[in-house]
Structures are given as C-alpha cells and as structure tokens.
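Secondary and tertiary structure notes
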Amino acid sequence: MNGMNDKSKNLYLVGFMGVGKSVIGRRLAGELGLRFVDTDHAIEKAQGCSIAEIFKKEGEARFREYERSFIESGHAATGHVVACGGGLVVQPGMVNLMRARGVVVSLFASVETIIERTARNNKRPLLNVENPEARIRELLNARESVYLEAGPAISTEGRNLTDIVEHIIRIYRSHCD
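A brief report on the enclosed structure follows.

Parameters at a glance
- Residues numbered from 1 in each chain as written.
- Predicted model: local features only at pLDDT ≥ 70, side-chain atom pairs only at ≥ 80, totals over all residues.
- Heavy atoms only, no water.
- Helix = DSSP H or I, 4+ residues; strand = E, 2+ residues; numbered from the N terminus.
- Axes fitted to C-alpha atoms, helices over the stretch in contact; angles between N-to-C directions.
- Parallel < 35°, antiparallel > 145°, perpendicular 65-115°, else oblique.
- Contact = heavy atoms within 4.5 Å.
- Nonpolar A, V, L, I, M, F, W, Y, C, P; charged D, E, K, R; others polar.
- Pairing = 2+ DSSP bridges.
- Buried < 20%, exposed > 50% of the residue type's maximum accessible area, 1.4 Å probe, protein only.
- Arc of directions from axis to C-beta.
- Core = buried A, V, L, I, M, F, W, Y, C linked by side-chain atoms within 4.5 Å.
- Phe/Tyr/Trp six-rings, centres within 6.5 Å; stacked < 30°, edge-to-face > 60°.
- Expected span 1.5 Å × (residues − 1).
- Salt bridge = Lys/Arg side-chain N within 4 Å of Asp/Glu carboxyl O.

1. Let's talk about the environment of Leu34
Positionally, Leu34 belongs in the loop between helix H1 (21–32) and strand E2 (35–38). Taking C-alpha positions, Leu34 is 8.9 Å from Thr78, a pair spaced 44 residues apart along the chain.

Below, the structure is given as structure tokens:
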C-alpha cells in the first residue's frame, strides 16, 4: 500500500480522546508512506513541558493557541498523518484550515469505550475531575456535531485495527484522486 510521498495530502484524524487517533495514525502513516505526528506530542516538545503542565501554568486558552499555531504553521503542508488533540477541531475555523491542507477523518467510539481507554491515563487534564464519566459525556455532547461535520466519520468500536486503517485509506485515496 506504499507509494505515497511528501507531495501527498496530509491526513488529519480528529475525534474525542481515547478513540484511537494515535494508534490508527501511526499505522496509517506506515501504510501510506507518510510521516506521523501527534499534535499533543509536538506541542509538548515545542513548549518543553506536558499538556497537563501547560493547562496548569498557562490555561486551556493558551494551549488552544498552540494547537492553532501548529495547524497553521507547525508542520509540513504535505506528507503527514496528523493525530489531532480532541479539542483542536472544535476551535472556530480549524476544520477549514485542515481541509485546506488535506483530508479530515473523524473517529468515534462509545462513551463506555472512551472511559475504558482513558481511565488509567492521568495525563489528560480535562479528565482530572471528580467525575470523569460526566465530564466525558459533557465534552462529547458539546463536540460531537463538530466531529460529524469535520469529515467522514469512522467508528473504532469493536473493529480491528487493520479494518479501520483500510477503511480510512480508501477514504483518503478517494479524496486524493
């Protein structure tokens, strides 16, 4: 399935935390011959501290500015699979910025699956609250319509990685022809 190159459109994976953007993105990058980048990791590297520290020291609004800056100019215009932080796409104008640079695909999973996948990760500042399940439901309710409008929607629920990756590759290639 290789044969792509640096001139290939970027592929942006959006969706809520815990839906599999990073795991799927790494596999997609390998299959498509593109480079993989996770926006959260790129921001952590650029700022020299964790997302949790950025939230604590500078606040969520500043973190969202870092996300916008990354999409606008923090990565190459072609040749990447980009796993986007869960709140990145919700910011005004972000979907259009990503579409101008590539193909956007939204990933989904059930609330129960998201809870299961994120329960043991204390590096998610938006879930460091008394009732993480209620917070997940609240955030998902607020963001779901944006995710659905961002691009083709793929469920990661109960599907194997190979099936999901092949589905996204078909979508990606259909937008690149």
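2. Side note on the packing of helix H3 (residues 51–58) against helix H4 (residues 60–73)
The geometry of H3 relative to H4 is characterised by a closest axis approach of 7 Å and an angle of 125 degrees between their N-to-C directions. Considered as vectors, H3 and H4 are oriented oblique to each other. For the pair H3 and H4, contact is made by Ile51, Ile54, Phe55 and Glu58 and by Glu60, Arg62, Phe63, Arg64 and Tyr66, respectively. Here the residues of the contact of H3 with H4 are counted per class, giving five nonpolar, no polar and four charged.

3. As for the sheet that holds strand E1 (residues 10–15)
Strand order in the open sheet formed by five strands is E2-E3-E1-E4-E5, and the pairing between neighbours is parallel. This sheet does not close on itself; its edge strands, each paired only once, are E2 and strand E5 (153–155). Taking each pair of neighbouring strands and ignoring which way they run, the sheet shows an average axis angle of 25 degrees. Taken together, the six bridges between E1 and strand E4 (residues 102–108) define a ladder with parallel strand orientation. Paired with Asn10 across the two strands is Gly102, which belongs to E4.

4. Examining helix H5 (residues 94–101)
Among the residues making up H5, those that are buried are Met94, Val95, Met98 and Arg101. The buried residues of H5 occupy one face: seen down the axis, they fall within an arc of 130 degrees. Opposite its buried face, H5 presents the exposed residues Asn96 and Ala100, each directed more than 90 degrees away. On its buried face, H5 sits against E1, H4, E4 and helix H7 (132–150).

5. Quick notes on the nonpolar core
Judged by nonpolar contacts, the single largest core of 43 residues is most densely connected at Leu11, Leu13, Phe16, Leu28, Met98, Val105 and Ile168. Per-element tally for this core: the top contributor is helix H8 (residues 161–176), with six residues. Grouped together as the second largest cluster of nonpolar side chains are seven residues, Cys49, Ile51, Phe63 and Tyr66 included.

6. With respect to the packing of aromatic side chains
Scanning all chains against the criterion turns up two aromatic pairs. Ring geometry for Phe55 versus Phe63: centroids 5.3 Å apart, planes at 45 degrees, classification tilted. Classification of Phe55 by relative accessible area gives buried; the value is 16%.

7. Description of H1
With 12 residues, H1 should cover 16 Å at 1.5 Å per step; its first-to-last C-alpha distance of 16 Å lies within 8% of that length. Every buried residue of H1 is accounted for by Lys21, Ile24, Gly25, Leu28, Ala29 and Leu32. Projection of H1 onto a plane perpendicular to its axis shows the buried side chains occupying an angular sector of 135 degrees, all on one side. Positive backbone phi, approximately 70 degrees, marks Gly33, located one or two places after H1.

8. Observations regarding the pattern of salt bridges
Under the definition given, this model contains nine salt bridges. For Arg137, the salt bridge is made with Glu112, and the minimal N-O distance between the two is 3.4 Å. Separated by 25 residues along the polypeptide, Arg137 in helix H7 and Glu112 in helix H6 (residues 111–118) bring together distant segments of the chain. Accessibility expressed as a relative area gives 38% for Arg137, which makes it partly exposed. It is possible to trace a salt-bridge network through shared partners that takes in Glu58, Arg62 and Glu65.

9. Digging into the pairing of strand E3 (residues 80–83)
Neither face of E3 is open: one carries His80 and Val82, the other Val81 and Ala83, and all of them are buried. Both E2 and E3 contribute to a ladder of four bridges, which runs parallel. Within the sheet, the bridge partner assigned to Phe36 lies in E3 and is Val81.

These values are about where atoms sit, not about what they do.
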